[in-house]
Every structure is written in C-alpha cells, then in structure tokens.
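Chain and residue survey
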Amino acid sequence: MSGSNEKSPQARANWLRLEIEKHNNLYYQDAAPQITDQQFDELLRELKEIEEQFPDLQNEDSPTLTVGGKPLEGFAPARHLVRMQSLDNTYKESEVTDFVTRVTKIVTGEYFTLTIEPKVDGVAISLLYEDGKLIRAATRGDGTTGDDVTANIQTIPSIPQSAPMLPAGLIEIRGEIYLPKSVFQRLNEERDEEGLPAFANPRNAAAGSLKQLDSRIVATRGLLGIFYGFGQFPSGITTSGTGFLKLLKAAGFQTPERLWHATSTEEALAAIQELGAIRHDFAYETDGAVLKIDSLDQRERLGSTNKAPRWAIAYKYQPEQATTKLLDITVQVGRTGVLTPVAELEPVFVSGSRVSRATLHNEEEIHRKDLRIGDRVVIEKAGEVIPAVVQVLVQERAGEERAFVMPDRCPSCGGAVTKEEGQVAHRCTNPSCPAQLLRRLEHFACRGAMDIEGLGESMVSQLVESSLVKEIPGIYHLEKPALLELERMGEKSAGNLVSAIAGSKNRTLWRLLFGLGILHVGAVAARKLAARFGTMERLASASVEDLQAVDDVGEIMALSIRRWFDNPKVQELLDSLRQAGVN
C-alpha cells in the first residue's frame, strides 16, 4: 500500500479516503477483504491525524466520522431507532491508559466501573422486539440504515423468536452473528472439495451467509448469535450495562461467557491480558477486548462522536503469527476428485497449538503468493482454526527454492488430471480412485447425509485399506464376522455398525442425493431437487432445462447433474444401491 506519490496533505487525504472506501466495500459488501484489520486501522488512523492537523480537509462524509457499511441491493432498508455505531480501536496498552484517563477527567470525583468482554469477530446485528416478539432484524449498514435480514435471522434456532421475559414496548438488542470455528473449518473443507474459493475467516463466512437472499441456504450454515448491547429500550429497566446483560440472559439470549470488572488502568490491562490467554478456547473467533463504562448515566454524560461512543474502546490483539520453513507441497485428493495442495511445514507453535501443515487451497493461490518449496514463510491461523500461509519472506531466499507444479497424474491412483476452463480446481478423472473412495464414503456416512453412526474417518480407512469396501454400495454388504477382524472392533461395536448401516437404507431422497456427492449439489439443492422430482428415476431422466426450472439450480449445476447421471459408472452405482435395498 504505497499510496499516492503526491506530497500535499490534501492529495494524501484524498487517496486515503478512496483507499478506505475501497476496502470498506470489500469488507462489508463483498465479505472479501484484501488487507488485515490492522492495516485498515492504520489507514484510518493516518487520515484522522491529517484531519486533526488540517481541520479544513475534514468533511462530514469522511470515513473517520462515519460507519463503513452501506445497504445492499436485494434487501429492504431498515432504519435503526437509535444510531448503530462502531468502536474506536487501539492496538496499544498506552491508549487504553489514555482512555481511562479521559474518562476519569470527565466524571471527576465519581466512582466508575469498567467492564471488559471478548470482542466477537462477527457481523453486527440489531434485533427489534415489540412486547417480547421479534419483529425485525437489521445489519448495521451505515449506522443509520441497514439491511432487513429478518427472514435469515429467523433460521437461527438460538435466537428467540419470542422472549416473554423482555419488558413491554420496543427494545433494540445489539450483538454479533458469528460462525463457530468448528463450522468454519468444515465449510472451507467443503468449498475446497467443490473447487470454490475459501473464506478468509469466520467473519467473512458469516457475512457471506447473511447476504444470501434464500433463507433456506442460511439455515444450513450453522450461524449463531451473541448479544451484549442495546439501542432503544424502555426507560427504567436497568441502570447499567451489566444489568442489561442479566436481563438478556434471563430472556434466553446468548451473552458473553466471561465478563471482567475494573476500576483502574492496572485492573483493566490485567483483564485484557487474562482474556488474551483464554480467548482461543471460545467457540467463536475473538480479535480483541471491549472496554465499557458500566453506568448508563455516566455513558450519557461521556457522549459519542458521529462514529463511536466515548464511553467504550476496543483493544485489539496482534495477530498470532510464526515464521517457519516450507519443506514441501503435497497434494490431497478429495471425494469429488479435487486435488488440493498442502503446505508441509517445519513444525511451529501458533495460537496455542503445534502446526506442521497448512492448506493452500489451489494452484492459483500458490502462484498469487509466489510460494516456492524451501521458502521461509509466515503462518497464522485463519479464524484461529485453519493454519494459513499469509506471507512469503522473499528477502530470505537463498536461490535453492523450487517452484511447485500441479501433477498431471493423480498422486493416489495415477489417473489423468484435468482442469476445466474457468475453474480453479484440478480433478482426478478416475471414479475408482482410492482417495476419492475414502472421502466419498466419509461424506456419504456423515451426519448431514446418510447419518451412519460408527462409520467415521478411522473406520472408513480400515474398510478401504482392507478392501472390505471398494465402492459405496459395499457398505450394505458388510457382515459382522468380517468387521470383527478389524482393529478395535468388538461384538457390540460391530453389531451397532451393522444396525446403523441397515437403518440408513430408509433415509429420505435428499439425504441420499447429498451423500452421493454430485458436483455443485449441496444439501439445500438436494432438498429442492428431491421435492421437485420425488424419485431418483424421475431426477435421472430430467433434462438440463427441467433441472434449471428448479429454484436456485443454474446452468452449471444442471449440466453437472446431467453429466453425473449420464455416466455409466453412476448407473451401476444406483443399480447396486437399489439391489441393496436403499430407498
């Protein structure tokens, strides 16, 4: 980010505004940021310093005075009853000290308490309840007007549709929609399988999910909400932020699981450090600590700027990174034949765990980062879950590093590898590839598909390695004596597995469709196809035009389905499943 070459403060300020607007759009509108939060905050901080030094250069539309998001096309606008602000950020403990000092001066002679809570890295949301009933959910947008995403929020089971414990009247409840770290990891694995770009972090995945115009897609994403603040609320219900949190918890809302109290800078900094030590244990990603004055009366006197309250500040933790060596790049084969390059690293500790591997997603990412075997690289955990290579230390190259070339033969079976025009994924074309079989069986048996308890990764590996199962229908011919020959398999476990496999024969059509792993067909599309055609036979005979008539089935998916059914191997697969008694 070299910026403008011109020296004048006005030219620099103009360039910074354009750069900040570009990255705001990438962050809020596209959920595809190109720079880190810290790099963005540095741009904003530089512009703020210029505007403070040259007040004539500041205008009311400056990003230093406004919230970054804008309403999206496709959603109805929703105007907040009370302006929805963002928080001022800092990465320095000295600025936390400055914040406490400012508060002390304004409330001179008064006792005050600070609360410190985890800063959840999610999508800001405002829920509007009337007499305990959810009547609207809106994103922050520009702070005044956001997007009405009520239908999407109603698909999140943990958010109360009715909360009788809330006071009568209108009340705006503020919080974050987040994607649990475990769900984020699974979602990115699925996107790798489909040859789709991976989400950079759980926040982007949550934002991308909320922007879906079909709430049924949102329902499959596993979103959750956590709530900690308010806009408008009936007078007299509480006098403190802590009191409001107790009210929310009693009404059935998820609230921050840890809350610290402090009455001095030393106590506040100690709480920040303690939170930093345990934050990786939370189900959601946290990128900082939020400090707030607890008293609502003191908050009122401290006031706000157009953009942020003066009674709160967010302390952001530095991203946890480590430097190591890229020893090799290996290739994994997924259930759909997608070849995924994996960085084999010199082991190093990051975010509390030992890391020796990191996904590189696809060949294009390797080229974009100019990554070479033997490089010194910087890694961090994307969403504190998935190790990611974020930087190559080009200056440390010794000249012995090697460029990576995607293999033209499958590393598992030796089959031909192809790459379709316009796609980033390379695929093994051999449907009998052992690596694909392994992944296909795991997917077929998973909870979201045929839900066969006991048929997990370890068991599938044993079945494939022992040649007891050579294709999906083979699981329906497994018998107890053969299973008893496997490692760690007793009478009861073998009997339970045989029973679970038999029970899966009666699963609904959409589960079977999803479990069979047709390229581009996820759980939502499988439900719609099953509802439209009713039987596998009708679906198998549907034309591309018939398939495209189904809601949300586009040309690419329709062609993929048609090609799948036209494959003679697929016809053999379906006949074998019918003969095995699968519904």
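To keep things clear, this report deals only with the structure shown in the data block. Throughout, a residue's number is its position along its own chain's written sequence, starting from 1. The predicted origin of the model limits local features to residues at a pLDDT of at least 70 and limits the giving and counting of side-chain atom pairs to 80 or more, whereas totals for whole chains, interfaces and linings rest on all residues. In computing side-chain values, all of the structure's heavy atoms are included and hydrogens and water are not.

Structural notes on the overall build of the protein chain
The numbering of helices and of strands both runs from the N terminus, where a helix is a DSSP run of H or I of at least 4 residues and a strand a run of E of at least 2. Summing up its helical and strand segments, the protein chain has 21 helices and 20 strands in all. Only the C-alpha atoms count toward the radius of gyration. The rule for a globule is 2.2 Å times the residue count to the power 0.38. On C-alpha atoms alone, the protein chain measures out to a radius of gyration of 27 Å, which is about the 25 Å that the 2.2 N^0.38 rule sets for 583 residues. With respect to the principal axes defined by its C-alpha atoms, the protein chain has extents near 80 × 65 × 50 Å. Counting all 583 residues of the protein chain, 53% fall into the buried class. Residues are treated as being in contact if the distance between any of their heavy atoms lies within 4.5 Å. At a minimum sequence separation of 6, the contacts of the protein chain that also span at least 24 residues come to 67%. Accessible surface for the protein chain amounts to roughly 27,400 Å². Of this, 49% is attributable to carbon and sulfur atoms. Burial status follows relative accessibility: with a 1.4 Å probe on protein chains alone, a residue under 20% of its type maximum counts as buried, one over 50% as exposed, and anything between as partly exposed. Note on areas: Shrake-Rupley with a 1.4 Å probe; residue coverage comes only from the protein chains shown.

Focus: the sheet that holds strand E11 (residues 312-316)
Whenever strands of a sheet pair, they do so through backbone hydrogen bonds, lying parallel or antiparallel. Overall, mixed pairing links the five strands, which are arranged E2-E11-E10-E3-E9 in an open sheet. Two strands close off the open sheet at either side, each with one partner strand: strand E2 (89-90) and strand E9 (260-262). As paired elements, strand E3 (residues 114-120) and strand E10 (residues 286-293) share seven bridges and run antiparallel to each other. Residue pairing across strands places Thr 115 opposite Lys 292, the latter belonging to E10. Here a strand pair is declared whenever DSSP counts at least two bridges between the two strands.

Quick look at the environment of Arg 532
Considering the arrangement of structural elements, one finds Arg 532 in helix H17 (residues 523-533). C-alpha separation for the pair Arg 532 and Glu 457, spaced 75 residues apart in sequence, amounts to 33 Å.

Thoughts on the pattern of salt bridges
Salt bridge, as applied in this entry: a Lys or Arg side-chain nitrogen positioned within 4 Å of an Asp or Glu carboxyl oxygen. Going through the model one piece at a time under the given rule, you end up with 21 salt bridges. Among the salt bridges present, the one from Lys 316 reaches Asp 287, with a minimum N-O distance of 3.9 Å. With Lys 316 in strand E11 and Asp 287 in strand E10, this pair connects stretches of sequence that are 29 residues apart. There is no split in this pair, since Lys 316 and Asp 287 are both buried. One salt bridge connects Arg 301 with Asp 297, and the closest N-O pair in it is separated by 2.9 Å. Taken together, the positions of Arg 301 and Asp 297, both in helix H10 (residues 296-302) and four residues apart, correspond to about one turn of that helix. Arg 301 gets classed as partly exposed once you look at its relative accessible area, which sits at 40%. Taking the relative accessible area as the measure of exposure, Asp 297 reaches 48% and is therefore partly exposed. Where salt bridges share partners, they join Asp 370, Arg 372, Asp 375 and Arg 397 into one cluster.

Considering the environment of Ala 250
Along the chain, the position of Ala 250 falls in helix H8 (residues 241-250). Sequence separation between Ala 250 and Ala 549 is 299 residues; the distance between their C-alpha atoms is 47 Å.

What to know about the sheet that holds strand E5 (residues 133-139)
Read across the open sheet, the four strands follow the order E5-E4-E7-E8; overall the sheet is antiparallel. Each edge of the open sheet is held by one strand with a lone partner, namely E5 and strand E8 (224-230). Direction aside, neighbouring strands of the sheet carry axes that sit 35° apart on average. Summarising the sheet, strand E7 (residues 170-178) and E8 pair through six bridges and their orientation is antiparallel. Within E8, the residue paired with Ile 177 across the bridge is Gly 225. Running over the sheet, helix H6 (residues 202-210) touches strand E4 (123-130) and E7 and is turned about 45° from E4. Between the N-to-C directions of two axes lies an angle of 0 to 180 degrees, each axis being a line fitted to C-alpha atoms and, for a helix, fitted only over the stretch in contact.

Looking at the packing of helix H20 (residues 555-566) against helix H21 (residues 568-579)
Helix-helix packing: each pair is described by the crossing angle between the helix axes and the interaxial distance. Where H20 contacts H21, the axes come no closer than 5 Å and their chain directions differ by 75°. Considering the angle they form, H20 stands roughly perpendicular to H21. Together, Trp 564, Phe 565 and Asp 566 of H20 and Pro 568, Val 570, Gln 571, Leu 573 and Leu 574 of H21 make up the contact between the two elements. Residues that form the contact of H20 with H21 fall into these classes: six nonpolar, one polar and one charged. Oblique is the label for any angle not under 35 degrees, not over 145, and not in the 65 to 115 range, which are roughly parallel, roughly antiparallel and roughly perpendicular in turn. Lys, Arg, Asp and Glu make up the charged group, whereas Ala, Val, Leu, Ile, Met, Phe, Trp, Tyr, Cys and Pro make up the nonpolar group; the residues left over, Gly among them, are polar.

Digging into H8
Turning to H8, its buried residues are Gly 241, Thr 242, Phe 244, Leu 245, Leu 247 and Leu 248. Close packing links the buried residues of H8 with E3, E7, E8, E9 and H10. Gly 252 lies just past H8 and shows a positive phi near 100°.

Some words on empty space enclosed by the protein
Put simply, the grid is 1 Å and covers the protein atoms alone, a cavity is a trapped set of points that fit a 1.4 Å probe, a pocket is an open set with protein on both sides within 12 Å along at least five of seven lines, and lining residues have an atom within 4 Å of a point. Grid points are joined across faces, edges and corners, and a volume is the space filled by probe spheres set on the points. One pass over the full model with this rule turns up four cavities of 30 Å³ or more. Each pocket or cavity is described by its volume, and for the second largest cavity that value is around 60 Å³. Taken together, Thr 115, Glu 117, Tyr 228, Phe 230, Gly 241, Thr 242, Leu 245, Leu 259, Lys 292, Asp 294 and Arg 299 make up the full set of residues lining the second largest cavity. Of all the secondary-structure elements, those providing two or more residues to the lining of the second largest cavity are E3, E8 and H8. If you tally residues by element for the lining of the second largest cavity, the top one is H8, at three residues. In terms of residue class, the lining of the second largest cavity is made up of four nonpolar, three polar and four charged.

Details of the environment of Ala 277
Relative to the helices and strands, Ala 277 is located in helix H9 (residues 265-278). Taking the C-alpha atoms as reference points, Ala 277 and Phe 40, separated by 237 residues in sequence, lie 25 Å from one another.

Regarding the nonpolar core
Among buried residues, those of type Ala, Val, Leu, Ile, Met, Phe, Trp, Tyr and Cys that are joined through side-chain atoms within 4.5 Å constitute a nonpolar core. Residues Ile 452, Tyr 476, Leu 516 and Leu 529 are the most contacted members of the largest nonpolar core, which totals 57 residues. If we ignore the near neighbours within four places in the chain, the residues touching Ile 452 are Phe 444, Ala 445, Ile 475, Tyr 476, Leu 497, Ala 500, Ile 501 and Ser 504.

Just geometry here; none of it tells us what the structure is for.
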